[in-house]
Amino acid sequence: MERKKIAAGIILLFLLSIVQANVKAQDLIFEKWLDHSPDHPNFGPNRRHFYHAFLSTSLTIPTSGTLTINTDQPFTGQITVGFRYKLKVTKPFAIVSECGINRNFFRINQSPGRNFPDTLIHQSQSIITSGLFSGIFLRVRLGQRGDYLSKYIDLGITAQASIINHLVTKDVFNSAGPKPYLIEKTTVSGLKNINTLTYKAYVRFGFDRFSLIASYRLSRLVNTSSLKDLPDLEIGFEISPVRY
């Protein structure tokens, strides 16, 4: 009996070994080798590199100085469309550079006694300058964590090149036709009394996608052919259409 049991066990082990040889594991259907995936990518609003577009508008604040040309509000200001790049240096500090196009418009006050750009009294008279700008800033982030713009302060300087300059004059005359009044509009291009390059000191208070901005022009916009210069202080706001 013992021999029969031993023989039966040997036969059973032999059969199991044959069955196990034909059993296969699961086949590999899909395999993908990933490149290096860092835990903290370098691109983002609060990471080393970031860039975005922005749009800003400001009012040029009239001053009471004797060497400032009087202007009318709210028809004096600027509109800017630009692109900004941020390089994070350390945890609270970053270097910000930007460039874009800008348009400045100044509605000249038509009070008696003025002498720029002429001495005549018109219905309205505006100087419009358009061109390119660039700037560099030091950004200080105000403590909030997270990968978003958060609160910050930018301090820097910008340079503006006035490429296209216009003097737009409107006058109203009595008409003998069916309409009692006739409006005449005159545009003069290529103003020679506007400096091509100007500089501004700039401060920006950021609240995530929205910012309050203020700038002060450090150089003259009107050249020395006129004793007076156009207003140099601007205050406005900015929006950055950033998606998180």
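Above this text you will find the structure in question.
An account of the accompanying structure is given in this report. Predicted model, so just to flag it, every value in this text is computed and none were measured. (Residues numbered from 1 in each chain as written. Predicted model: local features only at pLDDT ≥ 70, side-chain atom pairs only at ≥ 80, totals over all residues. Heavy atoms only, no water.)

## Description of the overall build of the chain
A count of helices and strands for the chain gives one helix and nine strands. Counting from the amino terminus, the chain carries its helices and strands in the arrangement α-β-β-β-β-β-β-β-β-β. For the chain, the residues scored as buried account for 34% of the 244 residues in total. Of all intrachain contacts in the chain linking residues separated by at least 6 positions in sequence, the fraction that spans at least 24 positions is 62%. (Helix = DSSP H or I, 4+ residues; strand = E, 2+ residues; numbered from the N terminus. Buried < 20%, exposed > 50% of the residue type's maximum accessible area, 1.4 Å probe, protein only. Contact = heavy atoms within 4.5 Å.)

## Some words on the pairing of strand β8 (residues 210-217)
Covered by surrounding structure in β8 are Ser211, Ile213, Ser215 and Arg217 only, the residues Phe210, Leu212, Ala214 and Tyr216 on the alternate face being uncovered. Of the strand pairs in this sheet, strand β7 (residues 197-207) and β8 are connected by eight bridges, and their pairing is antiparallel. Bridge pairing in β8 places Arg204 opposite Ile213. Joining the antiparallel neighbours β7 and β8 is a turn of two residues, in which Asp208 adopts a positive phi near 60°. In terms of strand pairing, β8 meets strand β9 (residues 233-239) through seven bridges, oriented antiparallel. (Pairing = 2+ DSSP bridges.)

## Re the packing of aromatic side chains
Evaluation of the coordinates by the stated rule reveals six aromatic pairs. Considering the side-chain rings of Tyr148 and Tyr244, the 6.5 Å spacing of their centres and the 65° angle between planes classify their relative orientation as edge-to-face. Of this pair, Tyr148 sits in the loop between β4 (124-141) and β5 (151-174) while Tyr244 sits in the segment after β9, placing them 96 residues apart in sequence. The partly exposed category is assigned to Tyr148, whose relative accessible area is 31%. Three or more aromatic residues joined by ring pairs make a cluster, and in this case those are Phe43, Phe50, Tyr51 and Phe83. (Phe/Tyr/Trp six-rings, centres within 6.5 Å; stacked < 30°, edge-to-face > 60°.)

## Regarding a nonpolar patch on the surface
A grouping of Val89, Phe93, Ile95, Ile136, Leu138, Ile157, Leu197, Tyr199, Tyr216 and Leu218 is seen on the molecular surface, where their side chains present a nonpolar patch of about 890 Å² in accessible area. Breaking the nonpolar patch down by element, the ones donating at least two residues are β3 (93-107), β4 and β7. Considering the arrangement of structural elements, one finds Val89 in the loop between β2 (77-88) and β3. (Patch = residues over 30% accessible without salt bridge, like charges linked within 9 Å, V, L, I, M, F, W, Y side chains within 5 Å. Areas by Shrake-Rupley, 256 points an atom, 1.4 Å probe, with all protein chains shown as cover. Salt bridge = Lys/Arg side-chain N within 4 Å of Asp/Glu carboxyl O.)

## Remarks on the side chain of Glu98
Mapped onto the fold, Glu98 is located in strand β3. Polar side-chain contacts of Glu98 include one of 2.8 Å to the side chain of Arg84. The contacts of Glu98, once residues within four sequence positions are left out, are Phe54, Phe83, Arg84, Phe133, Ser134, Gly135, Phe137, Thr158 and Arg204. (Polar contact = N/O pair within 3.5 Å; in protein donor to acceptor, adjacent residues only side chain to side chain.)

## Regarding the side chain of Ser240
With respect to the secondary-structure elements, Ser240 resides in the segment after β9. Judged by relative accessible area, which is 1%, Ser240 ranks as buried. Each residue touching Ser240, except ones within four places of it in the same chain, is listed here: His52, Ala53, Phe54, Arg84 and Arg209.

## Some thoughts on unusual backbone geometry
Following Gln73, the chain continues into Pro74 via a peptide bond in cis, with omega recorded as 5°. Looking at where Pro74 falls in the secondary structure, it is placed in the loop between β1 (49-61) and β2. Following Phe116, the chain continues into Pro117 via a peptide bond in cis, with omega recorded as -10°. Relative to the elements of secondary structure, Pro117 occurs in the loop between β3 and β4. In this model, Ser150 sits at a positive phi of 65°, which is unusual for a non-glycine residue.

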